[in-house]
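Chain residues, written in single-letter form:
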Amino acid sequence: ISKMGIQNGASYPSEMCSRFDADEIKRLGKRVKKLDLDSSGSMSVEEFMSLPDLQQSPLAQHFRECIEGASQFSVRGDEEQKLSFAFCICDMDKDAYISNGELFQVLKTMVGNNLKDTQLQQIVDKTIINADKDGHGRISFEEFCAVVGSLDIHKKIVVDV
């Protein structure tokens, strides 16, 4: 398992912290150090995943993307950045579209066994039909924003550091 360094004085890449101020970065560093259960100076994936909130999160499947995108979810993150990050989570093959299969996988991760696959597929099919305004059978970023942006989800996805 790879480890993420949390040594004293470690610098965080600016692209990962663009929405955090210096005090927030210090608090984040202190919280990360508390997760270093074996006092190794590094945080293993297991230590990171020990957070109860992450154990149930579909974002845990995309560990690196979560870390890189965390700053976008600060109170200073804007709507387009949050929607772009959410879109990237769904666009697993990074072809700039969310396919039927990709949407199924993301929703399956979120709902687990609470729905039968046939029920979930019906939801995915209806979602694609409703969101796909150009009729290509997949969802572009613009189509995604039109549906998800109208729900004001960006106001609900804020990380308090």
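Anything mentioned here points back to the structure above.
Residues numbered from 1 in each chain as written. Predicted model: local features only at pLDDT ≥ 70, side-chain atom pairs only at ≥ 80, totals over all residues. Heavy atoms only, no water.

1. Some words on the environment of T127
Thought 1: Looking at the secondary structure, you find T127 in helix α7 (residues 117–131).
Thought 2: Expressed as a C-alpha distance, the spacing of T127 and N100, which sit 27 residues apart in the sequence, is 9.0 Å. (Helix = DSSP H or I, 4+ residues; strand = E, 2+ residues; numbered from the N terminus.)

2. Quick word on a positive patch on the surface
Thought 1: The grouping of K26, R27, K30, R31, K33 and K34 at the surface amounts to a positive patch.
Thought 2: Under the relative-accessibility criterion, K30 is labelled exposed at 58%. (Patch = residues over 30% accessible without salt bridge, like charges linked within 9 Å, V, L, I, M, F, W, Y side chains within 5 Å. Areas by Shrake-Rupley, 256 points an atom, 1.4 Å probe, with all protein chains shown as cover. Salt bridge = Lys/Arg side-chain N within 4 Å of Asp/Glu carboxyl O. Lys, Arg positive; Asp, Glu negative; His and termini not counted. Charge placed at Lys NZ, Arg CZ, Asp CG, Glu CD. Buried < 20%, exposed > 50% of the residue type's maximum accessible area, 1.4 Å probe, protein only.)

3. Concerning unusual backbone geometry
Thought 1: The phi dihedral of K94 falls on the positive side, at around 55°, and the residue is not glycine.
Thought 2: Topologically, K94 is positioned in the loop between α5 (79–90) and β3 (97–98).
Thought 3: You can call K94 partly exposed: its relative accessible area is 45%.
Thought 4: The backbone of A96 sits at a positive phi, close to 75°, despite the residue not being glycine.
Thought 5: With respect to the secondary-structure elements, A96 resides in the loop between α5 and β3.

4. Some points on the packing of aromatic side chains
Thought 1: Taken as a whole, this structure holds two aromatic pairs when the rule is applied.
Thought 2: Between F87 and F141, the aromatic rings sit 5.4 Å apart at their centres with planes inclined by 80°, giving edge-to-face as the arrangement. Of the two residues, F87 sits in helix α5 while F141 sits in helix α8 (residues 141–148), which places them 54 residues apart along the sequence. We note that F87, like F141, is buried.
Thought 3: One aromatic cluster in this structure is built from F87, F141 and F144. (Phe/Tyr/Trp six-rings, centres within 6.5 Å; stacked < 30°, edge-to-face > 60°.)

5. What to know about the environment of G149
Thought 1: You can see G149 is positioned in the segment after α8.
Thought 2: Separated by 67 residues in sequence, G149 and K82 have C-alpha atoms that sit 9.8 Å apart.

6. Details of the packing of helix α6 (residues 100–111) against α7
Thought 1: At a closest axis distance of 10 Å, the pairing of α6 and α7 adopts a crossing angle of 130°. Taken together, the axes of α6 and α7 are oblique relative to one another. Our pair here, α6 against α7, has a crossing hand that is right-handed. Two secondary-structure elements touch here, α6 through N100, L103, F104, L107, K108 and V111 and α7 through D117, L120, Q121, I123, V124, D125, T127 and I128.
Thought 2: Looking at the contact of α6 with α7, its residues break down into eight nonpolar, three polar and three charged. (Axes fitted to C-alpha atoms, helices over the stretch in contact; angles between N-to-C directions. Parallel < 35°, antiparallel > 145°, perpendicular 65-115°, else oblique. Left-handed = near helix turned anticlockwise from the far one by under 90°. Contact = heavy atoms within 4.5 Å. Nonpolar A, V, L, I, M, F, W, Y, C, P; charged D, E, K, R; others polar.)

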